[in-house]
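These are the residues of each chain, in order.
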Amino acid sequence: MAETTKVRLLRGYIFAGETRQLSATDATSCKELVLQPFWQSQPLSVQSNPQGAFQLQEQFAIINDEKFLHSMERQQLLMELRPLGGQVHLPLHQFYIAYRDASITNHLCKGKLPVISIDGWTPILHAESQKQLGELKVLLAIGSESQIAQLKQLRGFDLENNQQPLRRTTDLLDMLQNALGTSSVAVPKTVPVAPATGNPFSFNLQIVGAAGLPLNPGYGKSGKKQQAKRQAAAKRFPPNEPPSTYVTFQALGCTDAQTYKSHEGLVYATPIAEHSTTPQWHSKFQVEVSADYLSNPQKLFILKVWKKTALSAGTEPTPLEDAIIGFAALNLNQSRAGASLPSGWHNIVDFNGRVTGGLEVHVQPLTPSSGSSNVDNAIDQFEQSLELRHLQLGQAIKRKFTELEQISNRLRTRLVDVTGESLQSPQYDVDAALDNWQSDELHECPEDDELVADFERALRTPTPPPVATEDAASPTAQNAADAGKD
């Protein structure tokens, strides 16, 4: 029975990314990364990109037999950086301990994540002098197929494109949605009209602050093998001290906001709040996302809460080096009845589903600042309803509207001077006019470009001065004008 239930086929995953702490000369010498894998006879190699990173990603399958265990026992995987001559040694003995016994293997394969040999910055040593030249970021793991898939999902790796996608953060929602059970306090807001499919959706995002964040973990006594790792962790995050935190998110665009590099691409971030478990950022962003967030209830807007390492220089966020405290998910879906944009406190959940604090966030739809912006929006909608692709059309209509408004104001002023009576400007309902617009007539001849060309030429033609308007204004105005001539 033990032999039949023994897990035979295992999956592995290896990733090698960017380097750091290399001198300028050594950095230019890192052109190629080569390794001799234990799962195949052919060596693997990858060239560095213009940013100096390798982005090596490889998933492999291996059979758990005596040959595999022998290649793991007290062995290391050697990676070479050429022509620098640097070497990186990855320990493999941990896989031998984990998979040498069938019962332990079966138990480990039932977990969510695989066995990870190394995940972080690994020293780059000179081949002869063994002097440390810098560090290389490496991840090596072996487990079941579902565990490797879960690991890639959490870390945002994409094997098909051999690069890290920009928007893989939303894949975490299946894990986080059950943990986010506490409903946030919602403030009634004006529900915006969902744009058409494919058009981006913009909103105002205010990240106020957080509460209940944990202190940096303490490191107790341990054996000699774990002592070095704990000391390194204590240098990055001093034990029992409040963390320095910031929040990041991904979007199609964000007005007047700086981007930072992360493992998932470019992200937007708040400033860093120094050493506090109740940080306050009070950051405001004008965010643009895809329309799927409004129509797809399973797609949530993710905010990441980070703590900054004490080893990184500067006061700016560095997601490539810092650690994640947890995630907060915002539901922007407007398809259900009575839906409103999220506003209030939201749970911060870590990778294990534990709530590690609360995040105060407010989402508001964009509101026009003046009447002129209403006219601009109406003209833009009018242009889209006509399905015209001429770039000058919207500008011409706006310019013509401005000219007509100026002429109308001058005529009203002169008429008031003559008659001595005050006039009230008529209120024109642009929204009602657009709702009653019959666009079917415009689509009867979609290929008739000559009508569009004539329309544009008419718009570009200067408006003649309103000579006859004053004469037909009113009888009183005509008599007053004749008296003035006499």
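Bear in mind the structure is a predicted one, so any value in this text is a computation, not a measurement. (Residues numbered from 1 in each chain as written. Predicted model: local features only at pLDDT ≥ 70, side-chain atom pairs only at ≥ 80, totals over all residues. Heavy atoms only, no water.)

## Concerning the overall build of the protein
Convention followed: Helix and strand definitions here come from DSSP, where helices need a minimum of 4 consecutive H or I residues and strands a minimum of 2 consecutive E residues; each element is numbered from the N-terminal end. When a residue's accessible area, from a 1.4 Å probe over protein chains only, is under 20% of the maximum for its type it is buried; when over 50% it is exposed; and in between it is partly exposed. Here a residue-residue contact requires only that any non-hydrogen atoms of the pair lie within 4.5 Å. For every accessible area listed, the method is Shrake-Rupley and the probe measures 1.4 Å; residues are considered covered only by the protein chains on display.
Helix and strand content of the protein: 13 helices and 18 strands. Taken across its 486 residues, the protein has 39% of its residues classed as buried. When contacts within the protein are restricted to residue pairs at least 6 apart in sequence, long-range pairs at least 24 apart make up 67% of them. By element, 51% of the accessible surface of the protein is carried by carbon and sulfur atoms, the whole surface being about 27,800 Å².

## Things to note about the packing of aromatic side chains
The test is simple: Two rings from Phe, Tyr or Trp (for Trp, the six-membered ring) form a pair when their centres are within 6.5 Å of each other. A pair whose planes differ by under 30 degrees is stacked, one over 60 is edge-to-face, and the rest are tilted. A ring has a charge above it when a Lys NZ or an Arg CZ is no more than 6 Å from the ring centre and no more than 35 degrees off the ring normal.
On inspection of all chains with the given rule, the structure shows 11 aromatic pairs. By way of ring pairs, the aromatic residues Phe201, Phe203, Phe249, Tyr268, Phe285, Tyr293 and Phe301 are connected into one cluster. The ring centre of Tyr293 lies 4.9 Å from the NZ or CZ of Lys299, which sits over that ring. Lying across the ring of Phe237, Lys307 places its NZ or CZ 4.7 Å from the centre.

## Details of the environment of Lys131
Considering the arrangement of structural elements, one finds Lys131 in the loop between strand E7 (115–126) and strand E8 (132–143). For the pair Lys131 and Gly86, spaced 45 residues apart in sequence, the C-alpha to C-alpha distance is 9.2 Å. Leaving out residues up to four positions away in the same chain, Lys131 has contacts with Ile124, Leu125 and His126.

## Examining the sheet that holds strand E3 (residues 44–47)
Note the following rule: The pairing criterion is simple: DSSP has to find at least two bridges between the two strands. In this description, a line fitted to the C-alpha atoms serves as the axis of each element, helices being fitted only across the stretch in contact, and the angle between N-to-C directions of two axes falls anywhere from 0 to 180 degrees.
As summarised here, the arrangement of the eight strands in space is E3-E2-E5-E6-E7-E8-E1-E4, forming an open sheet in which the pairing is antiparallel. Strand pairing shows two members of the sheet lacking a second neighbour, E3 and strand E4 (56–63), which therefore form its edges. When the angles between neighbouring strand axes are averaged without regard to direction, this sheet yields 20°. Bridge count for strand E2 (residues 30–35) against E3 is four bridges, and the pairing is antiparallel. Following the sheet pairing, Leu33 is matched in E3 by Val46. Against the sheet, helix H5 (residues 145–155) contacts strand E1 (9–20), E4, E7 and E8, and its axis sits at roughly 135° relative to E8.

## Quick notes on the nonpolar core
Convention followed: Nine residue types can take part in a nonpolar core, namely buried Ala, Val, Leu, Ile, Met, Phe, Trp, Tyr and Cys, and a core is a set of them joined through side-chain atoms within 4.5 Å.
Ranked by internal contacts, the top residues of the largest apolar core, which has 37 residues, are Leu33, Phe68, Met79, Leu90, Phe95, Tyr99 and Leu136. Ranked by residues supplied to this core, first place goes to E8 with five residues. Excluding anything up to four places from it in sequence, Met79 contacts Ala16, Leu33, Val34, Leu35, Leu56, Gly86, Gln87, Val88 and Leu90. Ranked by size, the runner-up nonpolar core spans 30 residues in total, among them Ala251, Ala273, Trp281 and Leu359.

## Details of the pairing of strand E10 (residues 245–249)
Counting buried positions over the five residues of E10 gives five, a clear majority of the element. What you see with E10 is no split at all: Thr245, Val247 and Phe249 on one side and Tyr246 and Thr248 on the other are buried throughout. Where E10 lies against strand E15 (residues 301–307), four bridges are found, and the strand directions are antiparallel. Within the sheet, the bridge partner assigned to Thr245 lies in E15 and is Lys307. In this structure, E10 lies alongside strand E13 (residues 265–269), joined through two bridges in antiparallel fashion. Of the residues in E13, the one forming a bridge with Phe249 is Tyr268.

## Observations regarding the pattern of salt bridges
Stated precisely, the cut-off is as follows: The salt bridge definition used is simple: a Lys or Arg side-chain nitrogen within 4 Å of an Asp or Glu carboxyl oxygen.
If you walk through the whole model with that rule in mind, you get seven salt bridges. For Glu135, the salt bridge goes to Arg20, with nearest N and O atoms at 2.6 Å. Of the two residues, Glu135 is situated in strand E8 and Arg20 in strand E1; the sequence distance between them amounts to 115 residues.

## Quick word on H5
What counts is decided by this rule: Throughout, the arc means the angular range of directions from the helix axis out to the C-beta atoms.
Within H5 the residues assigned to the buried category are Gln147, Ile148, Leu151, Lys152, Leu154 and Arg155. Around the axis of H5, the buried residues are gathered within 165° of arc, so they sit on the same side. At the C-terminal side of H5, Gly156 shows a positive phi close to 80°.

## Observations regarding the confidence of the model for the protein
Operational definition: What pLDDT reports is the predictor's confidence in each residue, on a scale of 0 through 100.
Taken over all residues, the pLDDT of the protein has a mean of 75, while the share at 70 or more is 67%. E10 holds the highest mean pLDDT among the elements of the protein, 95, whereas helix H13 (residues 475–485) holds the lowest, 48. Within the model, pLDDT remains below 50 along residues 387–391, and this stretch shows seven contacts once partners closer than five positions in the same chain are excluded. A low-confidence stretch, residues 468–481 stays under pLDDT 50, and its non-local contacts, those more than four residues away or across chains, total nine contacts.

## Here we look at the environment of Leu78
Looking at the element boundaries, Leu78 is found in strand E5 (residues 76–83). Classification of Leu78 by relative accessible area gives partly exposed; the value is 31%. For the pair Leu78 and Pro37, spaced 41 residues apart in sequence, the C-alpha to C-alpha distance is 8.4 Å. Apart from the residues lying within four places of it in its own chain, the contact partners of Leu78 are Val34, Leu35, Gln36, Gln87, Val88 and His89.

## A few points about unusual backbone geometry
The omega torsion across Arg82 and Pro83 is 0°, close enough to zero to call that bond cis. Structurally, Pro83 is set in strand E5. A positive phi is found at Gln21, a non-glycine position, where the angle reads about 60°. Considering the arrangement of structural elements, one finds Gln21 in the loop between E1 and helix H1 (24–28). Overall, Gln21 belongs to the exposed group, its relative accessible area being 55%. Although it is not a glycine, Asp256 sits at a positive phi angle of roughly 50°.

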